[in-house]
Amino acid sequence: MNVFVTGAAGFIGGSIATGLVRAGHHVTGLVRSVEQANELTALGITPVIGTLEDSAMLAEQARAADAVINAASSDHHGAAEALVEALKGSNKVLLHTSGSSIVGDASGGRASDDIYHEDNLPQPTADKAARVAIDNLILEAAKHGVNSAVICNTLIYGHSLGVKRDSVQLPRLLKQARKSGVVRHVGHGQNIWSNVHIEDVVELYTLALTRNRPGTFYFVESGEASFIEMTTAMARALNLDAPQGWPLAEAEAEWGYEMANYGLGSNSRVRGTNARELLGWTPKRTSVVAWILDEMV
């Protein structure tokens, strides 16, 4: 297939694009600079230089492709709208990347027993309402001749395929630990996130290109762990003392509001059955703690 991938220079999009090339697909990837374009070319990906602000370019690339994967931003409404409009009536696949912080509770490191399923999502917090609105726009497109899906990733771990980029959450903990000599988590670190390995993520996107059922929402998860479990493993891997909790204000000063409250300080516990039942997805990696101990550093 000819696949257009936005965010092709990023961790998720770059890994997907590289994986698709390895699987025999022709991939065109959106990047923002000549340097990034050169990176993609070396990996067998055809680069297109531009931004998500260029709706006409997005529409042109979407119409020229057999399928589109939006992995550049979960929060750019204009780009999502441009891709949907370009693909209406085409029955082409449109896979939109979201993230499971949409169910995050900003608990400050406290645990929660709440677990969410694909057919039972909570009302979003004010911070996440705009992202959920984009997800709904994508799902609604299935009623207008778009083979659309929302792929809602959890905490992704693992090293990128092809492009040398970091994932979002664990590398921030690692960077802070290396800088200070102390591994830290938000509050008591009892908050739990579902998680998934990047190679399993790429496999899911690849399967969805040919097996998606229009209008499907997928949670992407293959296990879960609390942050104190992950930071304890990180401390062991780095030969550092036991991890320490950080008051939220200090965590925000280091990582910013969004990352401290949602990416690192919330619970995001989900269960996904659609990928397994509809796509035949079988994740191969199921322990983020084992990966931290054996492969992260």
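Refer to the structure above for everything that follows.
What you see is a predicted model, and the numbers here were worked out from it, not measured in a lab.

Draft legend 1. Representation of the environment of A251 within the structure. Turning to its location among the elements, A251 is positioned in helix α9 (residues 248–255). Taking the relative accessible area as the measure of exposure, A251 reaches 0% and is therefore buried. When near neighbours in sequence (up to four residues on either side) are disregarded, A251 contacts V186, W246, G256 and A260.

Draft legend 2. Representation of the sheet that holds strand β12 (residues 223–226). Strand order in the open sheet formed by 3 strands is β8-β10-β12, with mixed pairing between adjacent strands. Each edge of the open sheet carries a strand with a single partner, namely β8 (155–157) and β12. Each neighbouring strand pair of the sheet contributes to a mean axis angle of 45°, computed without reference to strand direction. With 4 bridges connecting them, strand β10 (residues 192–197) and β12 associate as antiparallel partners. The residue of β12 that forms the bridge with N195 is G223.

Draft legend 3. Structural context of the environment of R63. Looking at the secondary structure, you find R63 in helix α3 (residues 55–64). In this structure R63 comes out as exposed when scored by relative accessible area, which is 52%. Placed 134 residues apart in sequence, R63 and H197 show a C-alpha to C-alpha distance of 31 Å. Non-local contacts of R63, meaning those with residues more than four positions away in its chain, are made with A86 and K92.

Draft legend 4. Here's a closer look at the sheet that holds strand β2 (residues 26–31). A sheet is described by the order of its strands in space; here 7 strands give the open sequence β3-β2-β1-β4-β5-β7-β11, paired in parallel fashion. The sheet is open, and its two borders are formed by β3 (46–49) and β11 (216–220), each paired with just one other strand. Geometrically, the sheet is characterised by an average inter-axis angle of 20° between neighbouring strands, direction not taken into account. Relative to strand β4 (residues 67–70), strand β1 (residues 2–6) runs parallel, the two being bridged by 4 bridges. Bridge pairing links T6 to N70 in β4. Across the sheet, helix α2 (residues 34–42) touches β2 and β3, and the angle it forms with β3 is around 165°. Lying on the sheet, helix α5 (residues 129–140) is in contact with β5 (93–99), β7 (147–153) and β11; it crosses β5 at an angle near 160°.

Draft legend 5. Representation of the packing of helix α6 (residues 170–180) against helix α8 (residues 227–238) within the structure. The geometry of α6 relative to α8 is characterised by a closest axis approach of 11 Å and an angle of 45° between their N-to-C directions. Considering their axes alone, α6 and α8 lie oblique with respect to each other. In terms of crossing hand, the pair formed by α6 and α8 is right-handed. For the pair α6 and α8, the contacting residues are L170, L173, L174, A177 and R178 in the first and F227, M230, T231, M234 and L238 in the second. For the contact of α6 with α8, the residue count by class is 8 nonpolar, 1 polar and 1 charged.

Reading guide: rules and limits
Each residue is numbered by its place in its chain's sequence as written, counting from 1. With the structure being a predicted model, the display of local features is reserved for residues of pLDDT at least 70 and the display and counting of side-chain atom pairs for 80 or more, all residues being used for whole-chain, interface and lining totals. Based on all heavy atoms of the structure, the side-chain values leave hydrogens and waters out of the count. Numbering of helices and strands runs from the N terminus, with a helix taken as a DSSP run of H or I at least four residues long and a strand as a DSSP run of E at least two residues long. Here the term buried applies to any residue with accessible area under 20% of the maximum for its type, exposed to any over 50%, and partly exposed to those in between, with areas from a 1.4 Å probe on protein chains only. Note on contacts: a residue pair is in contact if any heavy atoms of the two residues lie within 4.5 Å. Strands are labelled as partners when DSSP assigns at least two bridges between them. Axis angles are defined between N-to-C directions and span 0 to 180 degrees, where every axis is a line fitted to C-alpha atoms and, for a helix, only to the segment in contact. Should an angle fall under 35 degrees it is called roughly parallel, over 145 degrees roughly antiparallel, and 65 to 115 degrees roughly perpendicular, with every other angle called oblique. It is the rotation of the near helix from the far one that decides the hand of a crossing: anticlockwise by less than a right angle makes it left-handed, clockwise makes it right-handed. Just so you know the grouping, Ala, Val, Leu, Ile, Met, Phe, Trp, Tyr, Cys and Pro go in nonpolar, Asp, Glu, Lys and Arg go in charged, and all remaining residues, Gly too, go in polar.

What is shown is where atoms sit, not what they do.
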